[in-house]
Amino acid sequence: MLNPGTTPAGPGPSADLVASSLTVIRDGQHLSGGYVACPSYPTYRYAWLRDGAFCAYAMDLHGRAGSADAFHRWVARTVLAHRNLITTAVHVAAAGAVAGTMPPTRYTLTGEVEADVGAWPNFQLDGYGTWLWALRDHLRRRTHGAAPGGSVLSGSVLDAAGLVADYLVATRHLPCFDCWEESGDRRHTSTLAAVSAGLDAAADLLDRPALAGVAAELRADLDARHLRGGCYVKHDATDAVDASLLWLALPFGVVAPDDPRMVATAARIRADLVGPGGGVRRYLGDEFYGGGQWILLTAWLGWYRAVTGDRAGARSCRDWIDRAATGEGWLPEQTSAAPQDPAAVEHWVRRWGPVATPLLWSHAMYLVLDHALEPRAAR
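The sections below set out a description of the structure shown in this document. Starting from 1, residues in each chain are numbered consecutively following that chain's sequence as written. Per-residue local features of the predicted model are confined to residues with pLDDT of at least 70, and side-chain atom pairs are confined, for both listing and counting, to 80 or more; whole-chain, interface and lining totals are unaffected and use all residues. To get the side-chain values, all heavy atoms of the structure are used, and hydrogens and water are removed first.

## Observations regarding the overall build of the protein chain
Consideration 1: When its secondary structure is counted, the protein chain shows 13 helices and eight strands.
Consideration 2: Our radius of gyration looks at C-alpha atoms and nothing else; its globule reference is 2.2 Å times the residue count to the power 0.38. In terms of C-alpha radius of gyration, the protein chain reaches 19 Å, essentially the compact-globule figure of 21 Å for 379 residues.
Consideration 3: With the C-alpha coordinates aligned to their principal axes, the bounding extent of the protein chain is approximately 50 × 50 × 45 Å.
Consideration 4: Each residue is assigned to one of three classes by its accessible area relative to the maximum for its type, calculated with a 1.4 Å probe on protein chains only: buried under 20%, partly exposed between the two thresholds, exposed over 50%. With 379 residues in all, the protein chain has 59% of them scored as buried. Strands are runs of DSSP state E lasting at least two residues, helices are runs of H or I lasting at least four, and both sets are numbered from the N terminus onward.

## Quick notes on helix α6 (residues 155–171)
Consideration 1: In this model α6 runs 24 Å from its N-terminal to its C-terminal C-alpha over 17 residues, within 8% of the 24 Å that 1.5 Å per residue would give.
Consideration 2: Along α6, the residues that are buried comprise V157, A160, A161, G162, L163, V164, A165, Y167, L168 and T171.
Consideration 3: Looking at the buried residues of α6, the elements they touch are α3 (65–81), α4 (83–94), α5 (126–141), α7 (189–206) and α8 (209–225). An expected span of 1.5 Å times one less than the residue number is assigned to each helix. We call two residues in contact when some of their heavy atoms are within 4.5 Å.

## Quick look at the pattern of salt bridges
Consideration 1: When a carboxyl oxygen of Asp or Glu is within 4 Å of a side-chain nitrogen of Lys or Arg, the pair counts as a salt bridge. Inspection of every chain in the model, using the stated rule, returns 29 salt bridges.
Consideration 2: We note a salt bridge from D185 to R186, for which the minimum N-O separation is 3.8 Å.
Consideration 3: The exposure class of D185 is exposed, given its relative accessible area of 52%.
Consideration 4: One salt bridge connects E374 with R318, and the closest N-O pair in it is separated by 2.8 Å. With E374 in the segment after α13 (360–373) and R318 in helix α11 (residues 311–324), this residue pair connects regions lying 56 residues apart in the sequence.
Consideration 5: What makes E374 partly exposed here is its relative accessible area of 23%.

## Points about the environment of M365
Consideration 1: Mapped onto the secondary structure, M365 falls in helix α13.
Consideration 2: Sequence spacing of M365 and R315 is 50 residues, and the spatial spacing of their C-alpha atoms is 14 Å.
Consideration 3: Excluding residues that lie within four positions of it along the chain, M365 makes contacts with F54, L296, A299, W300 and W303.

## Examining the nonpolar core
Within soluble globular proteins, side chains that are nonpolar tend to cluster in buried spots.
Consideration 1: Nonpolar cores were defined as sets of buried Ala, Val, Leu, Ile, Met, Phe, Trp, Tyr and Cys residues, with membership established by side-chain atoms within 4.5 Å. Counting 124 residues, the largest nonpolar core has Y167 and W300 as the members making the most contacts within it.
Consideration 2: Looking at this core element by element, the count peaks at ten residues for α7.
Consideration 3: Discounting chain neighbours no more than four positions away, the residues touching Y167 are I86, A89, V90, M102, P103, F123, L125 and Y128.

## A word on unusual backbone geometry
Consideration 1: Between L250 and the following residue, P251, the backbone shows a cis peptide bond with an omega angle of 10°.
Consideration 2: Among the structural elements, P251 can be located in the loop between β6 (231–232) and α9 (260–273).
Consideration 3: P358 follows T357 through a cis peptide bond whose omega is -5°.
Consideration 4: For E181, which is not glycine, the phi dihedral falls at a positive 65°.
Consideration 5: You can see E181 is positioned in the loop between α6 and α7.

## So, the packing of helix α10 (residues 295–307) against α11
A pair of packed helices is captured by two measures, namely the crossing angle of their axes and the spacing between those axes.
Consideration 1: Whenever a helix is involved, its axis is fitted only over the stretch in contact; in every case the axis is a line through C-alpha atoms, and angles between N-to-C directions fall within 0 to 180 degrees. Between α10 and α11, the least distance of the axes is 7 Å, while the angle of their chain directions is 160°. It follows from the interaxial angle that α10 and α11 lie roughly antiparallel. Like other packed secondary-structure pairs, α10 and α11 cross with a definite hand, here left-handed. On α11, the residues that touch I295, T298, A299, L301, G302, R305 and A306 of α10 are R311, G313, A314, S316, C317, W320, I321 and A324.
Consideration 2: Gly counts as polar in this scheme, as do all residues outside two lists: the nonpolar Ala, Val, Leu, Ile, Met, Phe, Trp, Tyr, Cys and Pro, and the charged Asp, Glu, Lys and Arg. In terms of residue class, the contact of α10 with α11 is made up of nine nonpolar, four polar and two charged. Should an angle lie under 35 degrees it is considered roughly parallel, over 145 roughly antiparallel, and from 65 to 115 roughly perpendicular; all remaining angles are considered oblique. Handedness of each helix crossing follows the sense of rotation of the near helix against the far helix: counterclockwise by less than a right angle gives left-handed, clockwise gives right-handed.

## As for the environment of T357
Consideration 1: Note on placement: T357 falls in the loop between α12 (342–352) and α13.
Consideration 2: Spatially, the C-alpha atoms of T357 and C38 are 6.7 Å apart, while their sequence positions differ by 319 residues.
Consideration 3: Sequence-distant contacts of T357, defined by excluding residues within four places in its chain, comprise C38, S40, T326, W330, L331 and P332.

This is how it looks when you write it as structure tokens:
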């Protein structure tokens, strides 16, 4: 049962929300190690690889290595339990096609493929790449891969990492749904960044240098096909931006935060996607719950500002998130203040209920932003 906000990390609203965020993520972690996307929103009762990887990363930043370790072990067990599904996808993708059932981007909390997998766009590559990136980061924080309770760097984890790397190599050129579960006929810039970062991580973990070569090819492809006028764009068939483009710099390192291409991209995100209250929208034309301002993306912009030296701007992002928290210290997926499409808000409320709250990924990115400003775990 969620019980946020019981152990404040220090004075002030930010410290209180840090404590609440740690509690929400802790209480949202199943005994299996998987993190539920949102415990009170039926549509999000699954464990996404992408959301979970960032939850594990946030927990690592704040000294909760055991939680992160449990998640990575859960992913490895889940991947290996579905080896046949993944291997089939590799063989089919090598021929330039998509298998009838692709490995899902989310699983049940006990690591199973959901019963009606066709009900939701599920062929997404970014979660698998993000997991590999997060796994390497987790291991680098442990001495020789050791974590409380044992070493996550076991043969089964490396076996799972190799299987995922093979899957990403085979499917990297295929269109897939983006991180928002949309536009499945496109190759998405942030997805390719996640795949590139994941393959770089796997090259290091598995001592397979050829994987780094594939990652370099993807980065070259991004510059050749996803750059317009010195600015990265949402996908290969648009000139528009998406706030997920911030991932190219942080955390995936496709380009440096101060690279002129990234600076231009961040400037367009601020110009096009920051709402009147200071929160960040996903993209122009978004209709999901009216296309409001997202907590996790506001935190991402704040993270980028902190890393590039704009600490005042980063604090303003954190302050905006502080104000968006509920009285229980919970963070929603997005706020409906100043929606792009006001009529769409009620449509989604009738369909799925109120906005998902608390969203673990929102809390995770708040922790990442707070750590960029005040590394509390080091205290």
